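# Understanding the architecture of this molecule
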Protein chains: 2
Amino acid sequence: MTAGTRPRRHDPERRDRIIDACLDVVATRGVEGTTQRRVAAAADVPLGSMTYHFAGREELLREAFGRFARQAAAQFDRRMAEAPDREAALRAVVRLIMQDVFATQRDLVLSHELYTLAARDPAFRDLTNDWMRRSRDALGRHFDPATCRVLDAFVEGMTIHRALDTEPADGVDVLDAVRRLAGTVSSRPSA
Amino acid sequence: MTAGTRPRRHDPERRDRIIDACLDVVATRGVEGTTQRRVAAAADVPLGSMTYHFAGREELLREAFGRFARQAAAQFDRRMAEAPDREAALRAVVRLIMQDVFATQRDLVLSHELYTLAARDPAFRDLTNDWMRRSRDALGRHFDPATCRVLDAFVEGMTIHRALDTEPADGVDVLDAVRRLAGTVSSRPSA
DNA sequence: GAGGCATGCGTACAAACGTACACAACCCCG
DNA sequence: CGGGGTTGTGTACGTTTGTACGCATGCCTC
């Protein structure tokens, strides 16, 4: 060892820092480019810590994405809980799509990477199912189950498209769309 | 060479077969697990063919996903062109979500992998932008631009959620949702 | 204060990767 | 029918990966 910081006995914060570093690496290099060495470097821990704290690469990824999904779900639920009525909830949803959580490329990339893993690996699908259920439960504070479903899906797709799209979306159109989906405004055939 | 089949001069079908095999490998092992060796094995061509036909791994992936996106867009456009009116178009959209193109896990996985790449790499984002534009143009045969946008996004999200979800969605609810989004039915506050 | 044990790390290793490159097979032109 | 250029392939190389494992470090007990 080149000295510097001495290893402290039983440092539980170490494990957390590795998980956070893992999410950072995934966000910038993708799951494909997320090697244990890069995560170790990002967390500023020696390579040996990887095998010590995690059984393997997959366990590390599972824990990292688990934390990510739980945080995202909790944030969404908080927003829904804060909304006093349906209209406020819909506005919060639009705000979410247009600027908030996923505005940073980081969270968008992370969610895509998670979906990609979930599409093939049941262990990760458990995480996305949990996330989806929590999202719908949060919407369930204001809407009936069927509406929760379509609203949740719309948020999903709109977020993705907004992030990929070059020309910016119109928030008014989005608000109008979620109102129609929620059935809180009568829709007219547009010109 | 162990003999068997002799190398035929200028076999253009060879390149196509590699691209198809690449999509197969991506669908089963993900982009991360898509190595040139595995693609070569799947296409039943020698490893050397990889470097001969493609400048590198990334070019191979770009061409493969390009083909995938174009095919998917073309299929969607065909369905929209076949629809005689708005109602038929909406029904076609619902059919698409509920069973058709993405019913096979394969296409879903492929589109996720593509989105994941696009979220980080501009070269792949060009592919998704093109796909999105074609989808909207196809919808544009029946709907105004703002509606195309929200419908397209809804299809996106609903497809993803339906594929990940354990409990099956209700096609009637989905049809109702797209009708509301398209403004072709007056929505009532549901019970 | 010395032995022992839990904690954490440096290093080594086999496997797998992308890619380069020399060379074989084949056809065309004279 | 033979040289030359095009087309396609076998193989070897340097790098990077995940993971295992022996060893250093520091606390606790007696």
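Before going into details, it helps to say that this report is about the structure given with it.

Criteria and cut-off values
Residues numbered from 1 in each chain as written. Chains lettered and ligands numbered in written order. Predicted model: local features only at pLDDT ≥ 70, side-chain atom pairs only at ≥ 80, totals over all residues. Heavy atoms only, no water. Salt bridge = Lys/Arg side-chain N within 4 Å of Asp/Glu carboxyl O. Helix = DSSP H or I, 4+ residues; strand = E, 2+ residues; numbered from the N terminus. Buried < 20%, exposed > 50% of the residue type's maximum accessible area, 1.4 Å probe, protein only. Core = buried A, V, L, I, M, F, W, Y, C linked by side-chain atoms within 4.5 Å. Contact = heavy atoms within 4.5 Å. Phe/Tyr/Trp six-rings, centres within 6.5 Å; stacked < 30°, edge-to-face > 60°. Least-squares fit on C-alpha atoms with pLDDT ≥ 70 in both. Axes fitted to C-alpha atoms, helices over the stretch in contact; angles between N-to-C directions. Parallel < 35°, antiparallel > 145°, perpendicular 65-115°, else oblique. Left-handed = near helix turned anticlockwise from the far one by under 90°. Nonpolar A, V, L, I, M, F, W, Y, C, P; charged D, E, K, R; others polar. Polar contact = N/O pair within 3.5 Å; in protein donor to acceptor, adjacent residues only side chain to side chain.

## Here we look at the pattern of salt bridges
A side chain of one charge can pair with a side chain of the opposite charge when the charged atoms of the two come close. In the structure shown here, the tally under the stated rule is 40 salt bridges over all chains. Of the charged contacts, one joins A:Arg106 and A:Asp24 as a salt bridge, the two residues approaching to 2.3 Å between their closest N and O atoms. Of the two residues, A:Arg106 is situated in helix H6 (residues 105–118) and A:Asp24 in helix H1 (residues 12–29); the sequence distance between them amounts to 82 residues. Residue A:Arg106 is classed as partly exposed on the basis of its relative accessible area of 33%. The class for A:Asp24 is partly exposed, based on a relative accessible area of 40%. A salt bridge links B:Arg15 to B:Glu63, with the nearest nitrogen and oxygen atoms 2.9 Å apart. Separated by 48 residues along the polypeptide, B:Arg15 in helix H1 (residues 12–29) and B:Glu63 in helix H4 (residues 57–82) bring together distant segments of the chain.

## A few points about the nonpolar core
Residues A:Phe65 and B:Phe65 are the most contacted members of the largest nonpolar core, which totals 68 residues. Among all residues touching B:Phe65, those that are not within four sequence positions of it are B:Leu23, B:Val26, B:Val31, B:Leu110, B:Glu113, B:Leu114, B:Leu117, B:Phe124 and B:Leu127. The next biggest cluster of nonpolar side chains, apart from the first, holds 57 residues, and it includes A:Ala138, B:Leu90, B:Val155 and B:Met158.

## Some words on the packing of aromatic side chains
All names here are of chain A. The final tally for this structure, using the stated rule, is 6 aromatic pairs over all chains. Relative to Trp 131, the ring of Phe 68 lies with its centre 5.7 Å away and its plane at 85°, an arrangement referred to as edge-to-face. Taken as a pair, Phe 68 in helix H4 (residues 57–82) and Trp 131 in helix H7 (residues 122–139) lie far apart in primary sequence, 63 residues in all. Trp 131 gets classed as buried once you look at its relative accessible area, which sits at 8%. Centroid distance Tyr 115 to Trp 131: 6.1 Å. Interplanar angle 10°. Geometry classified as stacked.

## Section: the relation of the copies chain A and chain B
Each copy superposes on the other: chain A lies on chain B with an RMSD of 0.1 Å after a rotation of 180° and an axial shift of 0.0 Å. When the rotation and shift are considered jointly, the pair of chain copies conforms to a two-fold rotation axis. Looking at the rotation axis and the C-alpha trace of chain A, the residue lying nearest is A:Gly157, at 1.9 Å. Here 100% of the interface residues in chain A have copies in chain B that are interface residues too; the copies meet face to matching face.

## Remarks on the packing of H6(A) against helix H8 (residues 145–164) of chain A
All names here are of chain A. With their axes 11 Å apart at the nearest point, H6 and H8 run at an angle of 120° to one another. Classed by the angle they form, the pair H6 and H8 counts as oblique. In this structure, H6 crosses over H8, and the sense of that crossing is left-handed. Every residue of H8 that contacts H6 at Leu 108, His 112 and Tyr 115 is listed here: Glu 156, Thr 159, Ile 160 and Ala 163. Tallied by class, the residues present in the contact of H6 with H8 amount to 4 nonpolar, 2 polar and 1 charged.

## A few points about the side chain of A:His161
With respect to the secondary-structure elements, A:His161 resides in helix H8. Separated by 2.8 Å, the side chains of A:His161 and B:Glu156 make a polar contact. Excluding residues that lie within four positions of it along the chain, A:His161 makes contacts with B:Met132, B:Arg136, B:Asp152, B:Ala153 and B:Glu156.

This is a description of form; function is not addressed.
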